[in-house]
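For reference, the chains in residue letters:
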2 protein chains.
Amino acid sequence: MQSIRTLNDMIVFLQQRGDKKRVAVVCANDASTRYAVEKGKEMGFIEPIYVDGDDKEECARRAVALCKNGEADILMKGLVNTDVLLKAILDKENGILRPGHVLTHVAMAEIPKYEKLLFFTDAAVIPVPTEAQRRQQIHYVNYVCHALGIEEPRISLIHCAEKVSAKTFPYTVDYLEIIAEAQTGKFGRCIIDGPLDLKTSLDSVSLREKGIHSVIDGQADALIFPDIVAGNVFYKTITLFGYAKTAGVLQGTQCCCVLPSRADSPDSKYYSLALAAI
Amino acid sequence: MQSIRTLNDMIVFLQQRGDKKRVAVVCANDASTRYAVEKGKEMGFIEPIYVDGDDKEECARRAVALCKNGEADILMKGLVNTDVLLKAILDKENGILRPGHVLTHVAMAEIPKYEKLLFFTDAAVIPVPTEAQRRQQIHYVNYVCHALGIEEPRISLIHCAEKVSAKTFPYTVDYLEIIAEAQTGKFGRCIIDGPLDLKTSLDSVSLREKGIHSVIDGQADALIFPDIVAGNVFYKTITLFGYAKTAGVLQGTQCCCVLPSRADSPDSKYYSLALAAI
């Protein structure tokens, strides 16, 4: 499989593969969700199942049931509040969270000033990941990278500097343990390093100017943010000022879930659907 | 005074004002510091005092003494480690920290996709501000905005969402108290709101799409970040991907201090010097 370097490469890959994923779309009563779903159908990689009705909670439950029963491969949010849909997804009896897994968000971005696709987690779901949750985030992001043809993803553990500060930022100590585990192959094929700041993760010139050595060498494929605030700031900054195109999916569930926010662009919803179909 | 909307406006303002600030430059043995200082001299708003020598700690102490004795107006870091210079600045007996003040970092950015200058704090010094430190950060950033002709700065208290989450993010509760204090005039003339995410702080369309009302109306002049990691991620992202020009100074000291990092561009050092001269 060829490496996918742009969001358009991802669409081409899906078209070449040729199979269609069935998408349960909850309350697609807004123009941007309709656009995303119909464009995915037109491009040939999805088959929508529209789940509409006056009772949005009932719609959410019905769509989740379609996923649970194997009648749909992807769940997508339309004009329904995120918490209503999450409640149905996380329901202990009828929900679709995989046992022993955590729900987290993986995003990808195509940024004009970066030479390849960039994956990052978590800008949207887990407020402050525990050590165990961070390890699951790494597993998920690694899985998504591999699915897109990146054989040995370079994963950077983000901080504001390259020094471990045990007292103020205990997660930087955890970073060292994660790196040691990665070297034994615990996370599968990937390269992990950190703590690194955003610039030394993504720019080899800055890395060298700072006199730092890192196996990632300023060419990270994926960024693990220490908390949702840092991740969210990154996500919002690249979309506002970095001319980025983005996509995002939930991980940890039996089938891939697309839960865009209302402020996401129609194209972002379309690319998210494509990422879910990978 | 006319409002300054670009970094070049700031240079023009300094030239029109016509006075020269004396800058104690510690170990200007690198090309980018020399460039910044000589360009400031050429443009007529600074007069350098080069403090060089083999013993960098001694140079740092001598430069700080010049500031303390009123023989220099600005302190600038050249090829000397930040911690060496900070040690001299913060020295209890011979340093220049104002009694009862905290040292913090204020940055400004000119971003092509934003219609005015954007100020933010703290991307570089205080790891996790206390309530008291956050209030001082607001005072400083408000002071800098006023000095640059922004009569009523719109100051946004940054989070990943617009909801207060007392349990996970206690600072969001503090935000409400700060807003109440601002309404009584405690911070001087300014408009403060939060918690707001980065997008709703800086984009009125996104604000309305989310159905949120804010007095800042997506047009913030200044951003207060909850911690150094979020601030640092923002700073690095706009410089890497947002085509931003930036400047930054330390606040809390008797005279303005410019402590760029080695990875900052020569122009960033020059604009920082200009900001310090305001």
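Residues numbered from 1 in each chain as written. Chains lettered and ligands numbered in written order. Predicted model: local features only at pLDDT ≥ 70, side-chain atom pairs only at ≥ 80, totals over all residues. Heavy atoms only, no water.

Per an unreviewed UniProt entry, the recorded name for chain A is Phosphate butyryltransferase, and the organism is Xylanibacter ruminicola. Quoted straight from UniProt, the Sequence similarities (unreviewed entry) entry for chain A says "Belongs to the phosphate acetyltransferase and butyryltransferase family." (UniProt positions renumbered as here; feature names shortened; annotations may be inferred.)

One pass over the full model with this rule turns up 19 aromatic pairs over all chains. Look at A:Tyr270 and A:Tyr271: their rings are 5.3 Å apart centre to centre, the planes differ by 45°, and that puts the pair in the tilted class. Joined through ring pairs, the aromatic side chains of A:Phe120, A:Phe225, A:Phe234 and A:Tyr235 make up one cluster. One Lys or Arg, A:Lys39, reaches over the ring of A:Tyr270 and ends 4.7 Å from the middle of that ring. One residue, B:Lys113, lies across the ring of A:Tyr243, its end atom 4.7 Å from the ring centre. (Phe/Tyr/Trp six-rings, centres within 6.5 Å; stacked < 30°, edge-to-face > 60°. Lys NZ or Arg CZ within 6 Å of the ring centre and 35° of its normal.)

To continue, consider unusual backbone geometry. Omega for the bond connecting A:Thr121 with A:Asp122 falls within 30 degrees of zero, at 10°, which places this linkage in the cis form. You can see A:Asp122 is positioned in the loop between strand E5 (118-121) and helix H5 (131-147). For the peptide bond that leads from A:Gly194 to A:Pro195, omega is -5°, which places it in the cis range. Secondary-structure assignment places A:Pro195 in strand E7 (residues 191-196). You will see that B:Cys27, though not glycine, has its phi angle at about 55°, which is positive. In this fold, B:Cys27 is placed in the loop between strand E1 (21-26) and helix H2 (31-42). Although it is not a glycine, B:Tyr243 sits at a positive phi angle of roughly 55°. Within the secondary structure, B:Tyr243 is located in the loop between helix H9 (228-241) and strand E9 (245-251). (Helix = DSSP H or I, 4+ residues; strand = E, 2+ residues; numbered from the N terminus.)

With that settled, consider the UniProt feature "domain: Phosphate acetyl/butaryl transferase" (unreviewed entry) in chain A. Under the feature "domain: Phosphate acetyl/butaryl transferase" (unreviewed entry), the UniProt entry names residues 62-277 of chain A. In the segment residues 62-277 of chain A, helix accounts for 38% and strand for 18%; the C-alpha atoms at its two ends are 20 Å apart.

Moving on, we get to the relation of the copies chain B and chain A. Here the second copy of the chain follows from the first by a rotation about an axis and a shift along it. Note on the copies: chain B fits chain A at an RMSD of 0.0 Å, the axial shift is 0.0 Å, and the rotation between them is 180°. Seen this way, the second copy is the image of the first under a two-fold rotation axis. Most of the interface of chain B is mirrored in chain A, where 100% of its interface residues again form contacts. (Least-squares fit on C-alpha atoms with pLDDT ≥ 70 in both. Contact = heavy atoms within 4.5 Å.)

Moving on: the interface of chain B and chain A. In this assembly, 38 residues from chain B lie in contact with 38 residues from chain A. Summing both partners gives a buried area of about 3,500 Å² for chain B against chain A, and 74% of it is carried by carbon and sulfur. Applying the counting rule to chain B against chain A returns 2 salt bridges. Notably, a salt bridge pairs B:Asp197 with A:Lys236, separated by 2.5 Å at the nearest N-O pair. Here chain B is connected to chain A by 2 residue pairs in polar contact (both at pLDDT 80 or more). (Buried area = accessible area lost by both parts, 1.4 Å probe. Salt bridge = Lys/Arg side-chain N within 4 Å of Asp/Glu carboxyl O. Polar contact = N/O pair within 3.5 Å; in protein donor to acceptor, adjacent residues only side chain to side chain.)

Turning our attention to the side chain of B:Ser268. Residue and element names in this part refer to chain B. Examined against the element boundaries, serine 268 turns out to sit in helix H10 (residues 266-277). The buried category is assigned to serine 268, whose relative accessible area is 6%. Only 3.2 Å separates the side chain of serine 268 from the backbone oxygen of threonine 246, close enough to count as a polar contact. When near neighbours in sequence (up to four residues on either side) are disregarded, serine 268 contacts Thr246 and Ala247. (Buried < 20%, exposed > 50% of the residue type's maximum accessible area, 1.4 Å probe, protein only.)

Accessible area lost during the coming together of the parts is what is often quoted as the interface size. Residue and element names in this part refer to chain A. Partitioning chain A into domains gives domain 1 (1-97 + 253-278) and domain 2 (102-250). For domain 1 versus domain 2, the distance between C-alpha centres works out to 25 Å. Residue-level contacts link 24 residues of domain 1 with 19 residues of domain 2. When the buried area of domain 1 at its contact with domain 2 is split by residue, Arg5, Leu7 and Leu275 rank highest and sum to 32% of it. For the interface between domain 1 and domain 2, the tally reads 0 salt bridges. At the surface where domain 1 touches domain 2, the tally comes to 6 residue pairs in polar contact (both at pLDDT 80 or more). Among the elements of the structure, helix H1 (7-17), helix H4 (82-90), strand E10 (256-258) and helix H10 (266-277) are those that each provide at least two residues to the side of domain 1 that touches domain 2. No other element matches the 5 residues that H10 contributes to the side of domain 1 that touches domain 2. When grouped by side-chain class, the residues that make up the side of domain 1 that touches domain 2 number 15 nonpolar, 7 polar and 2 charged. (Domains from an automatic or database assignment. Nonpolar A, V, L, I, M, F, W, Y, C, P; charged D, E, K, R; others polar.)

Below, the discussion takes up the pairing of strand E9 (residues 245-251) of chain A. Residue and element names in this part refer to chain A. Burial within E9 is extensive, with 6 of its 7 residues counted as buried. Here strand E4 (residues 104-110) runs beside E9; their pairing, made up of 7 bridges, is antiparallel. Directly across from alanine 107, in E9, lies its bridge partner glycine 248. (Pairing = 2+ DSSP bridges.)

Take the side chain of A:Asp30 next. All names here are of chain A. Here aspartate 30 lies in the loop between strand E1 (21-26) and helix H2 (31-42). On the basis of relative accessibility, which here comes to 13%, the residue aspartate 30 falls in the buried class. Here the side chain of aspartate 30 touches threonine 33 through a polar contact of 2.8 Å, side chain to side chain. Once residues within four sequence positions are removed from consideration, aspartate 30 is found in contact with Gly78, Leu79 and Lys269.

Glancing now at the environment of A:Asp227. Topologically, A:Asp227 is positioned in the loop between strand E8 (222-224) and helix H9 (228-241). A relative accessible area of 14% places A:Asp227 in the buried class. Through-space distance from the C-alpha of A:Asp227 to that of A:Val23 is 30 Å; in sequence the pair is 204 residues apart. In contact with A:Asp227, other than residues within four places in its own chain, are A:Asp122, A:Pro127, A:Val128, A:Pro129 and B:Asp227. At 3.1 Å, the side chain of A:Asp227 and the backbone nitrogen of A:Val229 are in polar contact.

All names here are of chain A. For H4, the complete set of buried residues consists of Leu85, Ala88 and Ile89. Take H4 and look down its axis: the buried residues cluster within an arc of 100°, on one side only. Turned more than 90 degrees away from the buried face of H4 sit Asp83 and Lys87, all of them exposed. At its buried positions, H4 is contacted by E1, helix H3 (56-68), strand E3 (74-77) and E10. (Arc of directions from axis to C-beta.)

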